[in-house]
Amino acid sequence: MPVAPAPTSVLDWPAAVFALWMAGASIGIAGLLTGLFRLTRITSRCAPVTSGRWRDIADQIATDTGVAPITILQSAEPAWLVTYGLFRPKIVLPAGAGAWTAARIRIVLAHELAHIRRGDWATQMIAEAARIIYWFHPLSWVASRRLRQESEYACDDAVIGRGVAAADYATHLLDVARHAGGQRPLWAAPPGIAKGPQVVMSRTDPALLIKLFEQEVPEIYDGTVMIRGAVREAGDR
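Residues numbered from 1 in each chain as written. Predicted model: local features only at pLDDT ≥ 70, side-chain atom pairs only at ≥ 80, totals over all residues. Heavy atoms only, no water.

Engineer: Got a sec to walk through the pairing of strand 2 (residues 71-74)? Specific residues and values, please.
Structural biologist: Sheet topology note: the strand 1 (residues 47-48)/strand 2 ladder contains two bridges and is antiparallel. The partner of Ala47 across the bridge, within strand 2, is Gln74. Relative to strand 4 (residues 90-93), strand 2 is paired through four bridges, and the arrangement is parallel. Looking at the pairing, Gln74 lines up with Leu93 of strand 4. (Pairing = 2+ DSSP bridges. Helix = DSSP H or I, 4+ residues; strand = E, 2+ residues; numbered from the N terminus.)

Have a look at this one:
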C-alpha cells in the first residue's frame, strides 16, 4: 500500500513579517505610554503657580506673542523643565526655579512659549506615532530626532528675535543645565516625553558658539586663547 508523503511545512512569510512588525511597534508604543505615564504621575504631584514672577512674566510674554493663557506647575524634580499639552498647554518648572533671576525666567518662558505657539507638542506626537509605525526604517528615527532638534533651534531663534543677546542667552542656558545638579542637562526633551532634558543651542548666531566655547574650554575662559570670530559652516546646523 503506497504511503502518502509527509506534508511539507511552509513558512507563512506575510504572517511572520506582520508578527515582527507588531513586536517592534509594541515596544515603541510601550515606550511612549511609559513616558506619558511618568509625565502624568509627576505632574499630578505638582503645585500650580498662580502668582509671583513666573506667573506675571508668563502672562506678559503670552500677551505679547498671542499665546493663550497657560498653566504653570512647580515640580519637586531638579531636572524637569517640560512643556506639554495641546488644548491646555502646561509648563512644568524644576525645583529651585523660584530663585532664578527675572532675566532667566523671561528667557526660559520665551523659549517654552515659543514651543506652545509653534504647536511642537502635537508635531512631536505625530512624529512619534510615525516612528512607531515605521520603526524598521532608519530614516524614521533620523527624522524624529532631526525634527526635535529643529524645533529647539527655532525656539532659540525666537528668543533671540525678541532682542535677547545671543551671548546672554547661551550663558543662561548653560547655567540652567548646571541647575540639574549632576543629573542629565536640564531643558525640555521632546515635548512632554520624559527621556531626559537637553540643552540645544541654535547655531545660527556666532555669538552663541563663542559663548559656549568660553564656558567649556578653560584656556578660552581664562583668556589664554582668544576667539576673534566664528562662522557657521554651510549645510547642517
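Still to come is the rest of the account.
Engineer: Residue-level account of the nonpolar core, with values.
Structural biologist: Trp54, Ile70, Ile91, Leu93 and Leu109 are the most contacted members of the largest nonpolar core, which has 27 residues in total. Secondary structure elements with two or more residues in this core: helix 2 (53-65), strand 4, helix 3 (102-118), helix 5 (138-161) and helix 6 (166-178). Cys46, Val82, Trp121 and Met125 belong to the second-largest nonpolar core, a separate cluster that totals ten residues. (Core = buried A, V, L, I, M, F, W, Y, C linked by side-chain atoms within 4.5 Å. Buried < 20%, exposed > 50% of the residue type's maximum accessible area, 1.4 Å probe, protein only.)

Engineer: Please give an account of the packing of helix 3 against helix 5 that cites residues and values.
Structural biologist: Any two packed helices are characterised by the angle at which their axes cross and by the distance between the axes. Packing of helix 3 against helix 5 brings their axes to within 9 Å, and their N-to-C directions diverge by 125°. Relative to helix 5, helix 3 is oriented oblique. Seen from above, helix 3 lies across helix 5 with right-handed handedness. Across the interface between the two elements, Ile107, Ala110, His111, Ala114, His115, Arg117 and Arg118 of helix 3 pack against Ser151, Glu152, Ala154, Cys155, Asp156, Ala158 and Val159 of helix 5. Classifying every residue of the contact of helix 3 with helix 5 gives seven nonpolar, three polar and four charged. (Axes fitted to C-alpha atoms, helices over the stretch in contact; angles between N-to-C directions. Parallel < 35°, antiparallel > 145°, perpendicular 65-115°, else oblique. Left-handed = near helix turned anticlockwise from the far one by under 90°. Contact = heavy atoms within 4.5 Å. Nonpolar A, V, L, I, M, F, W, Y, C, P; charged D, E, K, R; others polar.)

Engineer: A description of the packing of helix 3 against helix 6 should follow, citing residues and the corresponding values.
Structural biologist: In contact at an axis separation of 10 Å, helix 3 and helix 6 are set at 90° when each is read in the N-to-C sense. Looking at the two axes, helix 3 sits roughly perpendicular to helix 6. Contact residues: Ala103, Arg104, Ile107, Val108 and His111 in helix 3; Tyr169, His172, Asp175 and Val176 in helix 6.

Engineer: Describe the sheet that holds strand 3 (residues 82-84), and please don't skip the residues or the numbers.
Structural biologist: The sheet built from four strands is open, its strands ordered 1-2-4-3 with mixed pairing. Unpaired on one side and paired on the other, strand 1 and strand 3 mark the two borders of the sheet. Pairing geometry for strand 3 and strand 4, over three bridges, is antiparallel. Looking at strand 4, one finds that Val82 is bridged to Val92.

Engineer: With reference to specific residues and values, describe the pattern of salt bridges.
Structural biologist: Taken as a whole and assessed by the stated rule, the structure comprises five salt bridges. A salt bridge links Arg131 to Glu128; the shortest N-O distance between them is 2.8 Å. On the criterion of helical spacing, the pair formed by Arg131 and Glu128 is a turn pair, its members being three residues apart in helix 4 (residues 120-133). Pair check on accessibility: Arg131 and Glu128 agree, each one buried. A salt bridge links Glu150 to Arg146; the shortest N-O distance between them is 2.9 Å. One end of the pair is Glu150 and the other is Arg146, both in helix 5 and four residues apart, which spans about a single turn. Using a relative accessible area of 23% as the deciding quantity, one classes Glu150 as partly exposed. (Salt bridge = Lys/Arg side-chain N within 4 Å of Asp/Glu carboxyl O.)

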